[in-house]
Protein chains: 2
Amino acid sequence: MVEESFKTKKRRMIAIAEDSLDFHNAKTACGIIRYGFHDLLAVIDSTKAGRTADEFVPGLGKKIPIVANLEEALAFKPDCLLIGIAPKGGALPESWMGVIKETIAAGLDVYNGLHTFLTNDADMMALAKKHGRVIWDVRKPDKNLPVALGYCKNAKSYLLHTVGSDCSVGKMTAMLELREAIRKRGVTIEFVATGQTGILITGWGQPVDAIPGDFMAGAVEMEIMALDGKVDIIMIEGQGSLLHPGYSGVTLALLHGSAPDALIYCHQSDRREIARGYKIPIPPASVMCKIYEDAAGWVKPTRTIAVCLNTSRQDEKEALGAIQATAEESGLPTTDPVRFDSTAVVDAIIADYKKFRSKK
Amino acid sequence: MVEESFKTKKRRMIAIAEDSLDFHNAKTACGIIRYGFHDLLAVIDSTKAGRTADEFVPGLGKKIPIVANLEEALAFKPDCLLIGIAPKGGALPESWMGVIKETIAAGLDVYNGLHTFLTNDADMMALAKKHGRVIWDVRKPDKNLPVALGYCKNAKSYLLHTVGSDCSVGKMTAMLELREAIRKRGVTIEFVATGQTGILITGWGQPVDAIPGDFMAGAVEMEIMALDGKVDIIMIEGQGSLLHPGYSGVTLALLHGSAPDALIYCHQSDRREIARGYKIPIPPASVMCKIYEDAAGWVKPTRTIAVCLNTSRQDEKEALGAIQATAEESGLPTTDPVRFDSTAVVDAIIADYKKFRSKK
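Everything numeric in this text was worked out from a predicted model, so none of it was measured.

Undergrad: For this particular structure, what's the right way to read the overall build of chain A?
TA: A tally of helices and strands in chain A yields 12 helices and 12 strands. Across its three principal axes, chain A shows a C-alpha extent of roughly 55 × 50 × 40 Å. Evaluated residue by residue, chain A yields a buried proportion of 59% over its 360 residues. Counting contacts in chain A only where the partners sit at least 6 residues apart, residues at least 24 apart contribute 75% of the total. When the accessible surface of chain A is totalled, it reaches about 14000 Å², and 53% of it is carbon and sulfur. The average position of the 43 basic charges and that of the 44 acidic charges among the side chains of chain A differ by 4 Å.

Structure below.
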């Protein structure tokens, strides 16, 4: 779905992150701060008030003040509230409903990326109507989504998809970094967001992990086909991992719905197994690439053409060592596109895109 | 979810299948007729009135009369209506809403297996309340479903999962036939339904293809863990195919959420490619088994121990030839459990279950 006002008008945003402003839970807020079109002015977290967000989230770049409550946040003259941070359990805490209602009454729009939908709450909707405010549940699926028909197998644009070893390894971040570098080479490129953070950055996309199973692949196929032929390269954001017992179905739906011409494999260089206690080891990059190529190949053959590592938890020497070791093990150009030069990876993408185009 | 009244009280059912009573669309009605606990008395389809359902659906066994309209169906003194047949497009035709309302007003409950939910229609709900009737949207997901945590990797019961070459090849039918044969061997066994037809047969289960992506695997894991240790064998119904561009995400979520100890591979013996124009060839059974074993193995190692063919569109000689060829190609015991003796397949399951138990 597309939220036109969100896409075109620069907003003055505050975020609520009560007791949740850390590396894992703040994924959405961090994405917005680093890559979003809008200004995020302050974060509400009474447990950390008076400090700045970058003290709790590595690699944030900007110093965003943390305040104790809505009243203090309103001093920044915001026009919208972001609930883009996943509290423990993934659902919206009941205790946040009061402050969200106060926010609407104060004249702010609300953007919510959680699985709990505010627009299902009749009181909340009545309040929004009374104050003429927008509530956007980013993860609420569109109605009447299609079943995938396999159209992307024959797309005119070059389809590039990120896949990963696990959740939260930097698949979206890698794409957004590479997108800028590729644009500078004079190639037109669009990014299809498939998760709440990506959608909140671009203003549109499909929240694939919230879409009913039968329509996940169809939803992403629909977005790709709407763009097909209008740009040289379409990047499709990946989700989860084929190795993740909870999310692998979403990952495969994206892989088959997008039927990519090439893959970028993403991994957090110091992670040895699937996060949060699943006890599933992550094999070397060459094995992971083979797994993704085999699975994609059930629908359309593809190849992994580069690797992006997230080295944010390693010092520079360790990071460069991990990149070199992965490049040798996989035989593929490898970088951390946030931290180091990405020329070799961008070269590989441009070369593969040109080969694709010459065959058309 | 569990619908207690549906599970325990024998119902007098009619089905609506206007212009849809054929092999593919009638899948749900056929399952109910063949394996359901309830009596299906008549089918409404004005285009075929005066004939019987078995004339249009091969292998049905029973002669169910087809009538022209609700009035004629009411002559059978039914107490509930089944909308268990998928009309073209998968959604409920708007034109059926009138007759559904008339049915409720006539004092019948309504069971709906489509992606369109009747309980979202305020008028329909008001009418049901007025007449004291139940509307069960079989595919409406439960609220607050969990993300899979990988519990099934260590289940106490033996977990047996059917996987297949495509949709509608007979995965559920094979399980229901094998369940009876296994029960006769003195082994306790339960069947976890994961689709609308299975749920309408057993009265409970998880409609995995209608569940938001993040919770598909968790929903099936939750059902399995609720049964774990209470029976010797838990059978988990499979859906779709890893080769199906539209549904493969659902298939993988089931495979990883259930983390099975063994697989039964199912295939319709005369089908050469994925149905409905996807142009994806179906490889030999040995290749399909390897694909499923590899994919399952990303989470927990497993093996395929038998093959069930659906030979319903072949004559007896062709059917027996297909079974023999598949047994030789795959090296696995193979049968059509609906049509022929299933001793070899049941023996393989019992032997593998005993091996599993001896290791515990």
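Undergrad: Mind showing me how you'd approach the sheet that holds strand β5 (residues 109–112) of chain A here?
TA: To summarise the sheet geometry, strands pair through backbone hydrogen bonds and adopt either a parallel or an antiparallel arrangement. Residue and element names in this part refer to chain A. The strand order β3-β2-β1-β4-β5-β6 describes an open sheet built from 6 strands, whose pairing is parallel. Looking at strand neighbours, the two that pair on one side only are β3 (66–67) and β6 (135–137), the edges of this open sheet. Judged from the 4 bridges that link them, strand β4 (residues 80–83) and β5 form a sheet pairing that is parallel. Bridging across to β5, L81 finds its partner in V110. Packing against the sheet, helix α4 (residues 97–105) makes contact with β1 (12–16), β4, β5 and β6, and its axis sits at approximately 160° to β4.

Undergrad: Explain helix α2 (residues 27–35) of chain B to me, please; I cannot follow it from the model alone.
TA: An α-helix turns once every 3.6 residues. As a result, residues three or four positions apart point the same way. Residues and elements named next belong to chain B. Along α2, 7 of the 9 residues are buried, which leaves the element largely enclosed by surrounding structure. Taken together, the buried positions of α2 are T28, A29, C30, G31, I32, I33 and Y35. Those residues of α2 hidden inside the fold are in contact with β1 (12–16), β2 (39–44), β4 (80–83), α6 (171–183) and α7 (196–202).

Undergrad: It is not clear to me how the state of the cysteines should be interpreted in this structure. Could you clarify?
TA: By definition, a disulfide is the covalent link that joins the sulfur atoms of two cysteine residues. One pass over the full model with this rule turns up 0 disulfides over all chains. Cysteine C266 of chain A remains unbridged, with the sulfur of C308 of chain A as its closest cysteine sulfur at 5.1 Å. Overall, the relative accessible area of 0% leaves C266 of chain A in the buried class. Take C30 of chain B: it sits in no disulfide, and the sulfur closest to it among the cysteines is that of C167 of chain B, at 16 Å.

Undergrad: How should the nonpolar core be read in this particular structure?
TA: Among soluble globular proteins, nonpolar side chains are generally buried collectively. Residue and element names in this part refer to chain A. The biggest cluster of nonpolar side chains holds 55 residues, and the ones touching the most others in it are L160, I182, I233 and I349. When residues of this core are assigned to their parent elements, the largest contribution, 7 residues, is made by helix α6 (residues 171–183). Of the domains in this structure, domain 1 (4–137) and domain 2 (151–359) are the two that each give at least three residues to this core. Discounting residues that sit within four places of it in the chain, I182 has contacts with V187, I189, I233, M235, V346, I349 and I350.

Undergrad: Honestly, the sheet that holds strand β5 (residues 109–112) of chain B in this entry has me stumped. Any pointers?
TA: Residue and element names in this part refer to chain B. Spatially, 6 strands are ordered β3-β2-β1-β4-β5-β6 in an open sheet, and the strand pairing comes out parallel. Edge strands, defined here as strands with exactly one partner in the open sheet, are β3 (66–67) and β6 (135–137). Summarising the sheet, β1 and β4 pair through 3 bridges and their orientation is parallel. What sits directly across from I14, in β4, is L81. This element, helix α4 (residues 97–105), spans β1, β4, β5 and β6 of the sheet and lies at about 160° to β4.

Undergrad: Just checking my understanding: could you explain the packing of aromatic side chains for this structure?
TA: Given two aromatic rings, one states the distance between the centres and the angle between the planes to describe the pair. Residue and element names in this part refer to chain A. All told, the structure shown has 6 aromatic pairs over all chains when counted by the stated rule. The interplanar angle of 90° and the centroid separation of 6.1 Å between the aromatic rings of Y111 and W136 together place this pair among those described as edge-to-face. Taken together, the positions of Y111 in strand β5 and W136 in strand β6 put the pair 25 residues apart, joining distant regions of the chain. The pair formed by Y111 and W136 is uniform in burial state, with each residue classed as buried.

Undergrad: Mind showing me how you'd approach the pattern of salt bridges here?
TA: Pairing between side chains becomes possible if they bear opposite charge and their charged atoms approach one another. All names here are of chain A. Taken as a whole, this structure holds 30 salt bridges over all chains when the rule is applied. A salt bridge links E180 to R179; the nearest nitrogen and oxygen atoms lie 3.6 Å apart. For E180, a relative accessible area of 37% corresponds to the partly exposed category. The shortest N-O distance in the salt bridge between D261 and K300 comes to 3.1 Å. In this pair, D261 sits in the loop between α9 (248–258) and β10 (262–268) while K300 sits in the loop between α10 (285–297) and β11 (303–310), placing the two residues 39 residues apart along the sequence. K300 shares its class with D261; the two are buried. Here the salt bridges do not stand alone but share partners, grouping R11, D79, D109 and R133 into one network.

Undergrad: Help me understand the interface of chain B and chain A, please; the structure alone is not making it clear to me.
TA: How large an interface is tends to be reported as the accessible area lost when its parts come together. Contacts between chain B and chain A engage 37 residues on the former and 37 residues on the latter. For the pair chain B and chain A, the summed buried surface comes to about 2700 Å²; carbon and sulfur atoms form 61% of the total. Where chain B packs against chain A, one counts 0 salt bridges. At the surface where chain B touches chain A, the tally comes to 12 residue pairs in polar contact (both at pLDDT 80 or more). Looking at the side of chain B that touches chain A, the elements with two or more residues in it are α8 (216–227), α9 (248–258) and α10 (285–297) of chain B. By residue number, the principal contributor to the side of chain B that touches chain A is α9 of chain B, which donates 7 residues. Residues of the side of chain B that touches chain A, tallied by class, amount to 23 nonpolar, 9 polar and 5 charged.

Undergrad: Hey, could you run me through the packing of α9 of chain B against α10 of chain B in this one?
TA: Residue and element names in this part refer to chain B. With their axes 9 Å apart at the nearest point, α9 and α10 run at an angle of 60° to one another. With respect to α10, the axis of α9 lies oblique. Here α9 runs over α10; the crossing is right-handed. Contact with α9, carried on its side by T251, L252, L255 and H256, involves Y292, A295 and A296 of α10 and no other residues of that element. In terms of residue class, the contact of α9 with α10 is built from 5 nonpolar, 2 polar and no charged.

Undergrad: I would appreciate a short explanation of the environment of L82 of chain A in the present structure.
TA: Residues and elements named next belong to chain A. You can see L82 is positioned in strand β4. Sequence spacing of L82 and T188 is 106 residues, and the spatial spacing of their C-alpha atoms is 30 Å. The contact partners of L82, leaving out residues within four places of it in the chain, are M13, I14, A15, I16, A29, I32, L40, Y111 and L200.

Undergrad: Honestly, the relation of the copies chain B and chain A in this entry has me stumped. Any pointers?
TA: Each copy of the chain is related to the other by a rotation around an axis and a translation along that axis. For these two chains of identical sequence, chain B goes onto chain A by a turn of 180° and a shift of 0.0 Å along the axis, with RMSD 0.0 Å. Within this description, the copies of the chain are treated as partners about a two-fold rotation axis.

Undergrad: I tried to follow helix α12 (residues 343–359) of chain B on my own but got confused; where do I start?
TA: All names here are of chain B. Over its 17 residues, α12 extends 24 Å from the first C-alpha to the last, a length consistent with the 24 Å expected when each residue adds 1.5 Å. Looking only at α12, the buried set comprises V345, V346, A348, I349, I350, D352, Y353 and F356. Those residues of α12 that are buried are in contact with β7 (158–164), α6, β9 (233–236), β10 (262–268), β11 (303–310) and β12 (334–335).

Cut-off values and rules
Residues numbered from 1 in each chain as written. Chains lettered and ligands numbered in written order. Predicted model: local features only at pLDDT ≥ 70, side-chain atom pairs only at ≥ 80, totals over all residues. Heavy atoms only, no water. Helix = DSSP H or I, 4+ residues; strand = E, 2+ residues; numbered from the N terminus. Buried < 20%, exposed > 50% of the residue type's maximum accessible area, 1.4 Å probe, protein only. Contact = heavy atoms within 4.5 Å. Areas by Shrake-Rupley, 256 points an atom, 1.4 Å probe, with all protein chains shown as cover. Lys, Arg positive; Asp, Glu negative; His and termini not counted. Charge placed at Lys NZ, Arg CZ, Asp CG, Glu CD. Pairing = 2+ DSSP bridges. Axes fitted to C-alpha atoms, helices over the stretch in contact; angles between N-to-C directions. Disulfide = S-S within 2.5 Å. Core = buried A, V, L, I, M, F, W, Y, C linked by side-chain atoms within 4.5 Å. Domains from an automatic or database assignment. Phe/Tyr/Trp six-rings, centres within 6.5 Å; stacked < 30°, edge-to-face > 60°. Salt bridge = Lys/Arg side-chain N within 4 Å of Asp/Glu carboxyl O. Buried area = accessible area lost by both parts, 1.4 Å probe. Polar contact = N/O pair within 3.5 Å; in protein donor to acceptor, adjacent residues only side chain to side chain. Nonpolar A, V, L, I, M, F, W, Y, C, P; charged D, E, K, R; others polar. Parallel < 35°, antiparallel > 145°, perpendicular 65-115°, else oblique. Left-handed = near helix turned anticlockwise from the far one by under 90°. Least-squares fit on C-alpha atoms with pLDDT ≥ 70 in both. Expected span 1.5 Å × (residues − 1).

Purely spatial values, then, with no claim about function.
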